[in-house]
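Residues per chain, in single letters:
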Amino acid sequence: MSKVPRSAIHRHLSAADERFGLRLGAGLAGTLAAAVTFALLLLLVRAGWGPLRRLDTAAAETFNQIDSDRPELAKAAEVVSDVFDPNVFRVVLTVIAVVYLIHGERHHATWLVVTVFGGAALGFALKKIVGRARPVLPDPVSTAPGLSFPSGHALGASIGCCLLLLITLRFMSRRGRVAAVIAAVLIVGAVALARVVLGVHFVSDVLAGITLGIGWVAVTTSVYVAWRRETGQPVKRPAEVGAAEQPAAHR
């Protein structure tokens, strides 16, 4: 049996390490950007920064006027809000977590459950801390209970879409992955826009929900990836996060 030259192995490992380093750097940069954006929005909302307050108010009033002239737009926004309600994502991901448990992949199931319900709890706690009231409009087309910042729908859609991507990417071709990412972005964007169109959230609320969701998934996923690496299951690409756990992980 011919032996593989040491230099070839070294080049292969170096290339793999370089790719991993680039992916890790991109992931950290994205997480940092999401965290900084959310923190900035939180501080500006808490401080009642004039330009942001005027932007939020102007957008809410503009969409309220559009809704009055085009009720079908409000109806479409209601459908989007209902179809992509946070509870829909929670049910779907909980079912997936149960399937993982049935197959003995308790760490994978724990990652999903903690991310989904921990993110919901984090959003609820922040609503209480910030205490921002929802938009007050003369003729609202819709109402919603509770506080406004961050948007629970935007948060839930961001967490749900990110997780579904992570656990399904490995089944797709390159084109399929691109299409899935675009679909996820469109869904999150549609949900965020729908909440503003309905007049139940400000623009800054939905932006905060999106950035918080992305940042939270990045944090919990990094912990899960660290565990997989410690148990000899390297994760070098996003598509590998959802791969089945190997028996060696339970030694």
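*Asks:* Just to check I follow, could you spell out unusual backbone geometry for this structure?
*Replies:* Residues apart from glycine generally show negative phi values, whereas peptide bonds are mostly found in trans. Look at the link from F149 to P150: it is a cis peptide, with omega at -5°. Among the secondary structure elements, P150 is positioned in the loop between α5 (106-130) and α6 (152-168).

*Asks:* Please explain the nonpolar core as it appears in this structure.
*Replies:* Taken as a class, soluble globular proteins show a tendency for nonpolar side chains to be buried jointly. Among the nonpolar cores identified, the biggest contains 26 residues, and W111, L112, F149 and L163 are the most heavily contacted of them. Secondary-structure elements contributing two or more residues to this core are α1 (6-47), α4 (86-102), α5, α6 and α8 (203-230). In contact with L112, other than residues within four places in its own chain, are L93, I96, A97, Y100, L163 and I167.

*Asks:* Can you help me understand the confidence of the model for the protein chain in this one?
*Replies:* Do not read the predicted coordinates in detail wherever pLDDT is low. Counting all residues, the mean pLDDT for the protein chain is 84, and 81% of those residues have values of 70 or more. By mean pLDDT, the top-scoring element of the protein chain is α4 (95), and the lowest-scoring one is α1 (64). In this model, residues 8-14 is a region of pLDDT below 50 whose contacts with residues beyond four sequence positions or in other chains number one contact.

*Asks:* What exactly am I supposed to notice about the layout of surface pockets here?
*Replies:* The method is simple in principle: a probe with the dimensions of a water molecule rolls over the atoms, and the space it marks as empty is what remains. Estimated volume of the second largest pocket: approximately 300 Å³. What lines the second largest pocket is a set of 16 residues, and nearest its centre among them are P86, R90, K127, G152 and H153. When contributions to the lining of the second largest pocket are tallied by element, the ones reaching two or more residues are α4, α5 and α6. For the lining of the second largest pocket, the element with the highest residue contribution is α5, accounting for four residues. A breakdown of the residues in the lining of the second largest pocket according to their chemical character gives six nonpolar, five polar and five charged.

*Asks:* It is not clear to me how empty space enclosed by the protein should be interpreted in this structure. Could you clarify?
*Replies:* As enumerated under the stated definition, the model contains one cavity of 30 Å³ or more in all. By volume, the largest cavity amounts to about 80 Å³. Lining the largest cavity, in full, are P86, F89, R90, L93, V116, A120, G152, L155, G156, I159 and G160. Those elements that place two or more of their residues in the lining of the largest cavity are α4, α5 and α6.

Parameters at a glance
- Residues numbered from 1 in each chain as written.
- Predicted model: local features only at pLDDT ≥ 70, side-chain atom pairs only at ≥ 80, totals over all residues.
- Heavy atoms only, no water.
- Helix = DSSP H or I, 4+ residues; strand = E, 2+ residues; numbered from the N terminus.
- Core = buried A, V, L, I, M, F, W, Y, C linked by side-chain atoms within 4.5 Å.
- Buried < 20%, exposed > 50% of the residue type's maximum accessible area, 1.4 Å probe, protein only.
- Contact = heavy atoms within 4.5 Å.
- pLDDT = per-residue confidence, 0-100.
- 1 Å grid on protein atoms, 1.4 Å probe; cavity = no way out; pocket = protein on both sides within 12 Å on 5 of 7 lines; lining within 4 Å.
- Points joined across faces, edges and corners; volume = space filled by probe spheres on them.
- Nonpolar A, V, L, I, M, F, W, Y, C, P; charged D, E, K, R; others polar.

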